[in-house]
Structures are given as C-alpha cells and as structure tokens.
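Structural characterization, general
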Amino acid sequence: MQEFSTLTTARLSLRRLRPADLARFAAYRADPELARYQGWSALSMAEAADFIAGMHAAPAFVEEAWLQLAIAQRPGDELVGDIGLCLHAGGVAEIGFTLMREAQGRGLATEALRALIEMLFARPEVRALIAITDARNHASMRLLERLGLRLVHSEAALFKGEACTEHHYRLERAHGLAVKSVP
Ligand SMILES: CC(C)(COP(=O)(O)OP(=O)(O)OC[C@H]1O[C@@H](n2cnc3c(N)ncnc32)[C@H](O)[C@@H]1OP(=O)(O)O)[C@@H](O)C(=O)NCCC(=O)NCCS
C-alpha cells in the first residue's frame, strides 16, 4: 500500500484526516455556504466519524479512488479544511478543496495546493492536474488561476437541481506550477 507522507509548508501541514479532527470537520461540513458548490452536504457526527476513519486508513494514490486529506494549521495542528485528490487514468490528477470560513482570505488554500501540486508533479505518473468548478464560484476560480491552472472547457450541467455552467481547469506538468503574486 502506498502511504501519503505529510507535506509541511510555512503555515500548514497537509496530512491524513484523523479522529481528533472530527468536531472541526463536522462543523465546517455543516456550513451551507461551503457546501454550495460542492458535491457533499452536511454529515451527522457518526457519518463524519466513519468518513474520517475511512480516509485515515485508505491507501493513497489508487487510481479512480478519492482520498480526502486534511489541511491543518501549524503549530497547533488544528484542521482548517480539506483537499480531495483522485488520480484518473492517463496520469491526470483531479483536486477539490474546502477551507472553513474563518481560515479563508489568507492564502492558506493557495499554500496547501501549491505543496500538493509540487508533490504530484514530482511523481512520474502524473502529467496533468484538473479541477472542475461551478462558474459562479469566483473564489475557487481565482484560486485555480493563481496556481496557474487554465480554463480549458465549459459545459452546461445540472447541480443540486439547478442549471449551471461547469468550468474545467487544467495544468500540464510541462507548464509547471505558477503561483501568481498577490497584490
Ligand atoms: C475555494 C476556497 C478554498 C478559496 O479560499 P480562499 O481563502 O479564497 O483561498 P486562499 O486561502 O488561497 O486565499 C486567497 C485569498 O486570500 C488573499 N490572500 C491574503 N494573503 C495571501 C497570501 N499570502 N497568498 C495568497 N493569497 C492571499 C488573496 O488575495 C485571496 O483573496 P481574493 O480571492 O479575494 O483575492 C474557499 O472559498 C472555499 O472553501 N469555498 C467553499 C468550498 C468550495 O467551493 N470549494 C471549491 C470546489 S471546486
């Protein structure tokens, strides 16, 4: 089984979810504003505990299997969000991401994703990164563009019963990661 080795940045650890994350995880996953453009909705405490236990033990880097990783703030190691990662056939890695509201607006998602993308592009099998976001999700689009992903395709979709447009973003390994400076 391939392990996921914790990634450390100036302010964060990107690590496996663990049982001690339960209260914070269940709290922000119950925030309807965070769920607005996400495929998930609020979980009961028991469901959240099961989800964390599953992700704590799940093998990493298994094709077509989503792995949800914790974004934790250092030095206290408190959970502030999570990143979903899935490797598709052909070396295409897909990401999804959430930060609790209190942690937003400080570049933490940019910092976490930058570390993750660097790690992914260091793996020989990963040749591109993709993310799909609702066209109304401006914070998500700004984040992806800041990291150097480009809008490559848009399509009409039905999401949570509502017609919407899905934007597909992509970054080729050959083009490299670019974190644009923040004014
Ligand atoms: C998408 C999401 C993670 C983005 O969070 P975020 O806080 O905007 O992203 P960052 O943590 O990288 O912070 C960037 C913001 O902080 C500001 N910032 C401050 N210091 C910064 C720094 N050192 N580096 C980068 N940005 C910094 C940036 O200007 C930017 O603000 P702006 O977008 O208003 O210009 C968040 O909105 C979220 O969790 N949304 C709900 C879940 C969701 O929809 N996920 C996407 C599904 S596809």
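Scroll up for the structure.
Here's what I pulled together on the structure shown here.

Rules used throughout
- Residues numbered from 1 in each chain as written.
- Predicted model: local features only at pLDDT ≥ 70, side-chain atom pairs only at ≥ 80, totals over all residues.
- Heavy atoms only, no water.
- Pairing = 2+ DSSP bridges.
- Helix = DSSP H or I, 4+ residues; strand = E, 2+ residues; numbered from the N terminus.
- Buried < 20%, exposed > 50% of the residue type's maximum accessible area, 1.4 Å probe, protein only.
- Near = heavy atom within 4 Å.
- Polar contact = N/O pair within 3.5 Å; in protein donor to acceptor, adjacent residues only side chain to side chain.
- Areas by Shrake-Rupley, 256 points an atom, 1.4 Å probe, with all protein chains shown as cover.
- 1 Å grid on protein atoms, 1.4 Å probe; cavity = no way out; pocket = protein on both sides within 12 Å on 5 of 7 lines; lining within 4 Å.
- Sits in = over half its atoms within 2 Å of the grid points.
- Nonpolar A, V, L, I, M, F, W, Y, C, P; charged D, E, K, R; others polar.
- Arc of directions from axis to C-beta.
- Contact = heavy atoms within 4.5 Å.

Strand order in the open sheet formed by 8 strands is β1-β2-β3-β4-β5-β6-β8-β7, with mixed pairing between adjacent strands. Strand pairing shows two members of the sheet lacking a second neighbour, β1 (7–8) and β7 (150–159), which therefore form its edges. Pairing between β1 and strand β2 (residues 12–16): 2 bridges, direction antiparallel. Looking across to β2, one finds that L7 is bridged to L14.

Turning next to the pairing of strand β3 (residues 67–73). With 7 of its 7 residues buried, β3 lies for the most part within the structure. Of the two faces of β3, the one holding L67, L69, I71 and Q73 and the one holding Q68, A70 and A72 are both buried throughout. By the bridge criterion, 5 bridges tie β2 to β3 in an arrangement that is antiparallel. From the neighbouring strand, S13 faces β3, where its bridge partner is A72. Sheet topology note: the β3/strand β4 (residues 78–88) ladder contains 7 bridges and is antiparallel.

With that settled, consider the site of the ligand. For the ligand, the set of nearby residues contains 21 residues, the closest of which are F97, G105, T110, N137 and R142. A distance of 2.8 Å is found between an oxygen atom of the ligand and a backbone nitrogen or oxygen belonging to L99. One of the backbone nitrogen or oxygen atoms of A109 is found 2.8 Å away from an oxygen atom of the ligand. Protein contact buries 77% of the 940 Å² of open area that the ligand shows by itself. Taking a 2 Å distance to the grid points as the criterion, the majority of the atoms of the ligand fall inside the largest pocket. Listed by contribution, the elements that provide at least two residues to the shell around the ligand are β5 (92–99), α4 (108–121), β6 (128–134) and α5 (138–146). Among the residues forming the shell around the ligand, the class breakdown is 9 nonpolar, 9 polar and 3 charged.

Turning next to α5. Looking at α5, one finds that the buried residues are S140, M141, L143 and L144. One side of α5 carries all its buried residues, which in axial view fall inside an arc of 160 degrees. Buried residues in α5 make contact with β5, α4, β6 and β8 (162–172). Positioned one or two residues after α5, G148 has a phi angle of 100 degrees, which is positive.

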